[in-house]
Amino acid sequence: MGEDIEMKDATTVAATTEDDTKHIIDDIDQNFALLSKASANFDNWYISKVLRDLGPLRRKLVKHPEVLVTAITKVFGSAPEWHYVYQALSASPDPSVPERKEIPLIPEIELYLHLLVQVYLLDTEQLQKLDQFNEHVVRLMAAVNHRSLDFLKAKIWFYIQRTKELLNDLYPIRPALLAGLRTAVLRHDPETTGSILTLLLRNYLLTHDVNSAANLVDKTEFPENCGNALSARYYYYLARINAVQLDYSTAHEFVIAAIRKTPQTSLATGFLQAATKLQIVIELLMGDIPELQMFRKQQGRFEPYLMVTKAVRLGDLKLFSQTVKKYEQEFKQDNNYTLVIRLRQNVIKTGIRIISLAYSKISLRDICIKLHLDSEESTEYIVSKAIRDGVIDASINHEKGYMQSRELIDVYSTKEPQAEFDQRIRFCLSLHNDSVKAMRYPSDVDAPQQVEKEDREDEIDLLKAIEEGDLDDYMD
């Protein structure tokens with residue numbers, strides 16, 4: 001016999017639901033009070049506090065959507081100009097709420113309610129309604145201009161772009177984003193400017209429009225006083241742009257900056273993983289091998305990148321091809337597939353370097369077999385390019401079809417150490433001469449002041465001698 005299961009009373013469940021609803025309404029009313037203070041004092045600290053509580057609140061609104069309708073009725077009432085808000089929620093004004101407005105109608109509260117509607121429609125996956133609702137939100141943001149709205153506008157623009165991304169309709173939102181960027185710059189709104197810049201760069205990169213993204217970076221300036229989260233995203237997109245444009249050194253600097261700027265919270269784990277994966281690929285493209293602890297510290301699936309690193313380190317073209325084929329979907333999901341494909345040349349160069357060190361003389365056919373290349377002719381071209389780039393120190397006998405490595409020469413038997421030592425001495429002497437030139441000496445302008453100071457001291461000594469009766473001794 002199983003134990004009896006205790007069933008909750010329907011009255012208890014209803015009371016619990018009513019208590020939860022009351023708590024949510026109290027939280028929203030408290031946020032309204034903070035927004036009123038922000039509007040009166042022009043202090044964005046209150047806005048930041050409201051946005052910090054947005055995460056827990058949006059999860060509660062999904063379970064109790066009627067609370068959102070009640071809050072909107074408190075502020076907007078049944079005015080016809082706000083009919084589109086109720087239409088987006090497929091609801092009507094709450095009849096239990098008095099017709100008069102209990103909350104003052106200020107832009108901060110208006111945008112905050114629109115933000116709540118946005119996140120509710122997004123969480124309930126009503127994307128088409130959200131897309132139509134966003135058109136009204138864009139017009140509302142263009143009509144108001146308060147500095148206390150900066151953080152709210154930045155957050156709202158994020159959800160507008162996110163909606164278009166989920167609908168896979170990225171092109172139509174670009175004119176609105178560019179117009180919003182121009183307005184934010186003219187109004188000296190750094191938070192919205194930084195947010196829209198990162199959203200535009202993400203929009204361009206998702207559509208593989210790298211040239212437009214590079215032009216946007218060249219013609220705009222990212223605000224210095226933006227938050228770390230926005231700065232980290234901006235640096236990450238700069239790293240991706242430069243990596244695609246073959247500027248790996250600059251891309252590596254930006255991706256390191258993005259990782260350092262990433263907030264140290266659990267919510268940033270996904271971004272940190274994406275930035276670390278990009279860093280691994282960029283370092284491999286630069287010819288460096290990432291440290292093993294980089295794969296161990298990060299949580300997530302780093303096995304594809306570990307296998308690619310192993311293939312590049314060993315110069316095993318067969319292992320590299322198998323890894324790319326096996327984890328193709330993971331690389332495409334991370335948007336790193338194009339960069340990973342470029343590593344094939346690095347694998348070949350590493351393999352040729354290992355072969356040149358192991359064999360003093362080897363036929364091109366054997367190199368072709370060891371590296372799993374297409375033909376001896378392509379092998380000859382690849383080896384020639386490796387010699388020209390300085391990857392290996394060898395020569396090719398085209399007639400007999402073999403590569404011969406040059407013997408390693410003792411560097412200390414050459415003039416290279418002497419030249420290096422001479423260069424360091426010149427640097428030290430130059431530093432010494434510049435230091436001497438930079439030393440400051442008292443100028444002639446200070447001489448009269450020094451004379452005046454000495455005369456004043458003599459006068460004081462004379463007065464002391466007169467007071468003490470030792471004038472004769474002073475004159476001596």
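Residues numbered from 1 in each chain as written. Predicted model: local features only at pLDDT ≥ 70, side-chain atom pairs only at ≥ 80, totals over all residues. Heavy atoms only, no water.

This brings us to the overall build of the protein chain. Secondary structure summary: the protein chain contains 25 helices and three strands in total. Taken over 476 residues, the protein chain has a buried fraction of 39%. Taking contacts inside the protein chain between residues at least 6 apart in sequence as the whole, the part at least 24 apart equals 63%. Working note: accessible area of the protein chain is about 28,800 Å², and carbon and sulfur atoms make up 52% of it. (Helix = DSSP H or I, 4+ residues; strand = E, 2+ residues; numbered from the N terminus. Buried < 20%, exposed > 50% of the residue type's maximum accessible area, 1.4 Å probe, protein only. Contact = heavy atoms within 4.5 Å. Areas by Shrake-Rupley, 256 points an atom, 1.4 Å probe, with all protein chains shown as cover.)

Tracing the backbone through its elements, the reader meets Ser195 in helix H10 (residues 190-206). With relative accessibility at 3%, the residue Ser195 sits in the buried group. Not counting residues up to four positions away in its chain, the partners in contact with Ser195 are Ala154 and Leu230.

A few words on helix H3 (residues 54-63). Of the positions making up H3, those classed as buried are Leu54, Leu57, Arg58 and Leu61. Looking straight down H3, one finds that the buried residues subtend no more than 100° of arc, so they occupy a single side. Away from the buried face of H3 by more than 90 degrees, exposed residues Arg59 and Lys63 are located. (Arc of directions from axis to C-beta.)

Now for the side chain of Asn134. In this structure, Asn134 sits in helix H7 (residues 127-143). When residues no more than four places from it in sequence are discounted, the contact partners of Asn134 are Gln118, Tyr159, Ile160 and Thr163.

The next thing to look at is unusual backbone geometry. Here the phi dihedral of Glu125 falls at roughly 60°; this positive angle occurs in a residue that is not glycine. Here Glu125 is to be found in the loop between helix H6 (107-123) and H7. Here Glu125 falls in the exposed class, since its relative accessible area comes to 67%.

Further remarks concern the packing of aromatic side chains. Any two aromatic rings considered together are summarised by their centre-to-centre distance and by the angle between their planes. This model, assessed by the stated rule, comprises 11 aromatic pairs. Relative to Tyr112, the ring of Phe32 lies with its centre 6.2 Å away and its plane at 85°, an arrangement referred to as edge-to-face. In this pair, Phe32 sits in helix H1 (residues 10-41) while Tyr112 sits in helix H6, placing the two residues 80 residues apart along the sequence. Three or more aromatic residues link up through ring pairs in this structure, and these residues are Phe222, Tyr234, Tyr235 and Phe254. We note Lys277 situated over the ring of Phe302; from NZ or CZ to the ring centre the distance is 5.6 Å. Over the aromatic face of Tyr337 sits the side chain of Lys332, whose NZ or CZ is 5.2 Å from the ring centroid. (Phe/Tyr/Trp six-rings, centres within 6.5 Å; stacked < 30°, edge-to-face > 60°. Lys NZ or Arg CZ within 6 Å of the ring centre and 35° of its normal.)

Moving on: the nonpolar core. Ranked by size, the top nonpolar core spans 115 residues in total, and within it Phe32, Ile72, Leu113, Val117, Leu152 and Phe320 carry the most contacts. In terms of residue count, the dominant contributor to this core is H6 (11 residues). Look past the residues within four positions of Phe320 in its chain and what remains in contact with it is Val308, Ala311, Val340, Ile341, Leu343, Arg344 and Val347. (Core = buried A, V, L, I, M, F, W, Y, C linked by side-chain atoms within 4.5 Å.)

Our focus in this paragraph is the packing of helix H13 (residues 248-261) against helix H14 (residues 269-285). In the contact formed by H13 and H14, the axes pass within 9 Å of each other and the chain directions differ by 155°. Put simply, H13 runs roughly antiparallel to H14. Pair H13 / H14 crosses with left-handed handedness. Taking contact as the criterion, the partners of Tyr248, Ala251, His252, Val255, Ile256, Ala258 and Ile259 in H13 are, on H14, Phe271, Leu272, Ala275, Thr276, Leu278, Gln279, Ile282, Glu283 and Leu285. When its residues are assigned to classes, the contact of H13 with H14 shows 12 nonpolar, three polar and one charged. (Axes fitted to C-alpha atoms, helices over the stretch in contact; angles between N-to-C directions. Parallel < 35°, antiparallel > 145°, perpendicular 65-115°, else oblique. Left-handed = near helix turned anticlockwise from the far one by under 90°. Nonpolar A, V, L, I, M, F, W, Y, C, P; charged D, E, K, R; others polar.)

A few words on a nonpolar patch on the surface. Judged by side-chain polarity, Phe421, Ile425 and Leu429 come together as a nonpolar surface patch covering roughly 310 Å² of accessible area. By secondary structure assignment, the location of Phe421 is in helix H23 (residues 416-438). On the accessibility criterion, Phe421 (54% relative accessible area) is exposed. (Patch = residues over 30% accessible without salt bridge, like charges linked within 9 Å, V, L, I, M, F, W, Y side chains within 5 Å. Salt bridge = Lys/Arg side-chain N within 4 Å of Asp/Glu carboxyl O.)

This next bit is on the environment of Val69. The residue Val69 is located in helix H4 (residues 65-76) in this model. Residue Val69 is classed as buried on the basis of its relative accessible area of 13%. In this structure, the C-alpha to C-alpha distance between Val69 and Ser90, residues 21 residues apart in sequence, is 9.9 Å.

Turning to the confidence of the model for the protein chain, a few remarks are in order. Low-confidence regions, as indicated by low pLDDT, have predicted coordinates that should not be scrutinised in detail. Overall, the prediction assigns the protein chain a mean pLDDT of 78, with 81% of residues at 70 or greater. Low confidence marks residues 1-8, where pLDDT is under 50. Its contacts with residues over four positions away, or in another chain, come to one contact. (pLDDT = per-residue confidence, 0-100.)

In total, this model carries nine salt bridges according to the counting rule given. Among the ionic pairs, Glu165 bridges to Arg162, the shortest N-O distance being 3.3 Å. One end of the pair is Glu165 and the other is Arg162, both in helix H8 (residues 150-166) and three residues apart, which spans about a single turn. Owing to a relative accessible area of 32%, Arg162 belongs among the partly exposed residues under this scheme. We note a salt bridge from Arg424 to Glu420, for which the minimum N-O separation is 3.8 Å. Taken as a pair, Arg424 and Glu420 lie in helix H23 at a separation of four residues, close to a single helical turn. A relative accessible area of 37% means that Glu420 is categorised as partly exposed. Here the residues in one salt-bridge network are Asp131, Lys164 and Asp169, joined through shared partners.

Bringing the environment of Asp150 into the picture now. Mapped onto the secondary structure, Asp150 falls in helix H8. The class for Asp150 is buried, based on a relative accessible area of 6%. Sequence separation between Asp150 and Asn44 is 106 residues; the distance between their C-alpha atoms is 8.3 Å. Residues in contact with Asp150, not counting those within four places in the same chain, are Asp189, Glu191 and Thr192.

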